[in-house]
Amino acid sequence: MILKKIENRSAHAGVIGLGYVGLPLMVAIASAGFRVTGIDICPHKIAQLKRGISHVPDVTNAVLGPLIASGQIQVTTDYAVLHELDTVNICVPTPLRENRTPDMQFITAAVEQVAHHLHTEQLIVLESTTYPGATQEIVLPLLKAHFRRTEGARPAQVGRDFYLAFSPERIEPGNSTYFVTNTPKIIGGVTPQCTHVAKTFYEQFINKTHTVSSPRTAEMVKLLENTFRSVNIGLINEIALICDRMDLDVWEVIDAAATKPFGFMPFYPGPGLGGHCIPIDPHYLSWKARMYEYHARFIELASEINNEMPKYVVDKIVHALDLQRKSVEGTQLLILGVAYKKDVGDIRESPALEVIRLILDKKAKFLYHDPYVETLSLDKQKTYRSEPLTPALVQNADCVVILTDHSAINYQWLVEHAQLVVDTRNATHTVQHGREKIVRI
Ligand SMILES: NC(=O)c1ccc[n+]([C@@H]2O[C@H](COP(=O)([O-])OP(=O)(O)OC[C@H]3O[C@@H](n4cnc5c(N)ncnc54)[C@H](O)[C@@H]3O)[C@@H](O)[C@H]2O)c1
């Protein structure tokens, strides 16, 4: 019955957690013709969404508005709607605790609600990134414990009474080439029937699916992908540190190496890791590996090197100012870009925050400009506002520090007006005039 409802798209779909992952997913499901209800605990987000206003850059109001207005998408903070839903995708945060262990409270809270309303033939899919085993060790027992079969009293059986799978979200915010519907979807169900039902669901709105033998495998796939990035960024940051000592241009080295048509993939150095995934997810794996008495050395080492990059950037700033016979104390810096990567407004885990903390420790003053980040709160104490990028703003700064290489900036113009530029992203690579003012990592 659920399969038929999915195939003829009369199934009522649900998405829990309407952030960077959940909101685009909800729109993709609705765009395939399903009625979708989104649930989020944040009343402010729900109020905005009800008015057709998106808080995620990858979803425009032009796309969201009509889906809300027509009722194809409904949003609520009320979990009671769960009993009407045929499918539920869970996209809540999975941060780290202070001690770098997985913080599963959001998953647990969401799943407890799902479990409370779980009904026959419902499909539950966890999309939040997590450690191998979480779906079966945390989600499944909660669902089973709460399941109340309406007919008879035999214990609930996954794969027969309800379906459970893990399918990691792989989107990259701001990527206009690959998005929800054209990024292949990995699916691992608890039983073959769970995988089949989940695959049938995703096939309605995603071009390509790839099934694996278990949720644990699917969880591991996601962590491999993100660990691959973290370790390779750590490696290239280390190469940058070595090149700096050897007075070699790391950017030239990478570009030349990238001409090799096989066996090399370019990664680029920068001020450190940012975003909600790469700095965090590998620690889910190293935490789980410790239970198997394995110390994940690559993960820890990459994290150590990546975490040192903000300090390296500050050392570069201090040194560049030194050469101009200026002390960092009391100097006026202009931070260009505070988002963790280009062309997005996401500042979660952004290395800019650490760079700013470090320069404030050195008693430098700073202003910032970021076309995507209007305000910036530091340690919940002080709020800064993005300054308009005027010639005076640039000229008055003793040093402009490029921390994010947003495409909207005219870097030639910037360098022409600047006294000194520290470029951590090679954003100025095409600049012709004034190169002597640029210091790159
Ligand atoms: N952002 C990315 O690029 C990305 C990519 C792939 C995977 N992921 C993973 O997807 C998951 C979600 O990430 P995100 O970036 O969308 O997070 P987010 O913070 O942007 O969104 C999460 C949403 O969940 C809501 N929420 C929290 N607890 C809830 C609950 N109990 N019930 C209902 N709603 C709840 C929050 O209010 C928020 O709106 C994480 O596990 C993340 O690691 C993120």
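Computed from a predicted structure; not experimentally measured.

What counts, and at which threshold
- Residues numbered from 1 in each chain as written.
- Predicted model: local features only at pLDDT ≥ 70, side-chain atom pairs only at ≥ 80, totals over all residues.
- Helix = DSSP H or I, 4+ residues; strand = E, 2+ residues; numbered from the N terminus.
- Rg over C-alpha atoms; globule rule 2.2 N^0.38 Å.
- Buried ≥ 20, exposed ≤ 12 C-beta atoms within 10 Å, placed from the backbone.
- Contact = placed C-beta atoms within 7 Å.
- Expected span 1.5 Å × (residues − 1).
- Pairing = 2+ DSSP bridges.
- Axes fitted to C-alpha atoms, helices over the stretch in contact; angles between N-to-C directions.
- Domains from an automatic or database assignment.
- Nonpolar A, V, L, I, M, F, W, Y, C, P; charged D, E, K, R; others polar.

Participant: Any chance you could explain the overall build of the protein here in plain terms?
Facilitator: Secondary structure summary: the protein contains 14 helices and 15 strands in total. The C-alpha radius of gyration computed for the protein amounts to 24 Å, which stays within 12% of the reference 22 Å derived for 441 residues, consistent with globular compactness. In terms of overall dimensions, the protein has C-alpha extents of about 85 × 50 × 45 Å along its principal axes. Every one of the 441 residues in the protein was classed for burial, and the buried ones make up 45%. Of the contacts formed within the protein by residues at least 6 apart in sequence, a portion of 68% connects residues at least 24 apart.

Participant: Any chance you could explain helix H11 (residues 297-323) here in plain terms?
Facilitator: A turn of α-helix holds 3.6 residues, and therefore any two residues three or four places apart point the same way. Counted at 1.5 Å a residue, the expected span for H11 with its 27 residues is 39 Å, and the 38 Å between its end C-alpha atoms agrees. Just downstream of H11 lies Arg-325, where phi reads positive at about 60°.

Participant: Whenever I open this one, the sheet that holds strand E2 (residues 35-39) confuses me. Can you help?
Facilitator: Here eight strands make up an open sheet; going across it, the order is E3-E2-E1-E4-E5-E6-E7-E8 and the pairing mixed. Two strands lie at the open edges of the sheet, namely strand E3 (73-76) and strand E8 (209-211), each paired on one side alone. Ignoring which end each strand starts from, the neighbouring axes of this sheet average 25° apart. In the sheet, strand E4 (residues 87-90) pairs with strand E5 (residues 123-126) via four bridges, with the strands oriented parallel. In the sheet register, Val-88 faces E5, and the bridge partner there is Ile-124. Sheet strands in contact with helix H6 (residues 134-146) are E5 and strand E6 (163-166), and its direction is about 155° off that of E6.

Participant: Just to check I follow, could you spell out the domain arrangement of the protein for this structure?
Facilitator: Where interface size is quoted, it is often the accessible area lost as the parts come together. Domain assignment breaks the protein into domain 1 (2-213) and domain 2 (238-440). Taken over C-alpha atoms, the centre of domain 1 sits 35 Å from the centre of domain 2. Every contact between the two is made by 13 residues of domain 1 and, on the other side, twelve residues of domain 2. Looking at the side of domain 1 that touches domain 2, its residues break down into seven nonpolar, five polar and one charged.

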